[in-house]
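# Descriptive structure summary
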Amino acid sequence: MHKLIILFGQPSDSLAFLTGWQAFLQMAEQMPGLRRETVSLIEEVIHGETRPFKIHEFYFDDRAALDAALASDAGQQAGQWLHQFTGGNFSLLI
């Protein structure tokens, strides 16, 4: 199992973020090979300096499936929109 993890930073406009995130979901959930996803709002940071606003995890069978999903039309559109609606205020992890 491989997952793509998005750590969203604190948005400056919560309503705009919610609207953008919902549009992002519609695109990202079309990625081929997506097995499941989880979303968590961060309540408290116990250790560390940075507090993400939200964590979104996308699960794939393996690295090849994850790479294919990211290279797909849906993955490319979701990635472009991710940059646009967050202004780059996020981190991606695999």
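Residues numbered from 1 in each chain as written. Predicted model: local features only at pLDDT ≥ 70, side-chain atom pairs only at ≥ 80, totals over all residues. Heavy atoms only, no water.

## What about helix 1 (residues 14-28)?
If you check helix 1, its first and last C-alpha atoms are 20 Å apart, about what 15 residues at 1.5 Å a residue would give, namely 21 Å. What helix 1 keeps buried is the set Phe17, Gly20, Trp21, Phe24, Leu25 and Ala28. Down the axis of helix 1, the buried set is contained in an arc of 150°. They therefore lie on one face. Seen from the open side of helix 1, the exposed residues pointing more than 90 degrees away from its buried face are Leu15 and Gln26. Packing partners of the buried residues in helix 1 comprise strand 1 (2-8), strand 2 (36-41), strand 3 (54-60) and helix 3 (73-86). Residue Asp13 occupies the N-cap position of helix 1, its side-chain oxygen lying 3.2 Å from the main-chain nitrogen of Leu15. (Helix = DSSP H or I, 4+ residues; strand = E, 2+ residues; numbered from the N terminus. Expected span 1.5 Å × (residues − 1). Buried < 20%, exposed > 50% of the residue type's maximum accessible area, 1.4 Å probe, protein only. Arc of directions from axis to C-beta. Contact = heavy atoms within 4.5 Å. Polar contact = N/O pair within 3.5 Å; in protein donor to acceptor, adjacent residues only side chain to side chain.)

## A short note on the nonpolar core
Formed by 19 residues in total, the largest nonpolar core has its most connected members in Phe8, Phe24 and Phe58. For this core, the secondary-structure elements that each account for two or more residues are strand 1, helix 1, strand 3, helix 2 (63-71) and helix 3. It is helix 1 that contributes the most residues to this core, 5 residues altogether. (Core = buried A, V, L, I, M, F, W, Y, C linked by side-chain atoms within 4.5 Å.)

## What to know about the pattern of salt bridges
This model, assessed by the stated rule, comprises 3 salt bridges. Across the pair Glu57 and Lys3 runs a salt bridge whose closest N-O atoms are separated by 2.8 Å. Residue Glu57 is located in strand 3, and its partner Lys3 is located in strand 1; the two are separated by 54 residues in the primary sequence. Glu57 sits in the buried class, given a relative accessible area of 14%. Note on Lys3: relative accessible area 28%, which makes it partly exposed. One salt bridge connects Arg63 with Asp67, and the closest N-O pair in it is separated by 2.9 Å. Note that Arg63 and Asp67 are positioned in helix 2 at a spacing of 4 residues, about one turn of the helix. Residue Asp67 is classed as partly exposed on the basis of its relative accessible area of 36%. (Salt bridge = Lys/Arg side-chain N within 4 Å of Asp/Glu carboxyl O.)

## Notes on the confidence of the model for the chain
In this model, the chain carries a mean pLDDT of 94, and residues with pLDDT of at least 70 account for 100%. When mean pLDDT is taken per element in the chain, helix 2 scores highest with 98 and helix 1 scores lowest with 93. (pLDDT = per-residue confidence, 0-100.)

## Some remarks on helix 2
Those residues of helix 2 that fall on the buried side of the exposure criterion are Ala65, Leu66 and Ala69. Within helix 2, the buried residues cover an arc of 100° as seen down the axis, which keeps them to one side. In this structure, helix 2 carries Ala64 and Ala71 as exposed residues pointing more than 90 degrees from its buried face. In this structure, the buried residues of helix 2 make contact with strand 1, strand 3 and helix 3. Capping of helix 2 at its N-terminal end is provided by Asp62; its side-chain oxygen lies 3.3 Å from the backbone amide nitrogen of Ala64.

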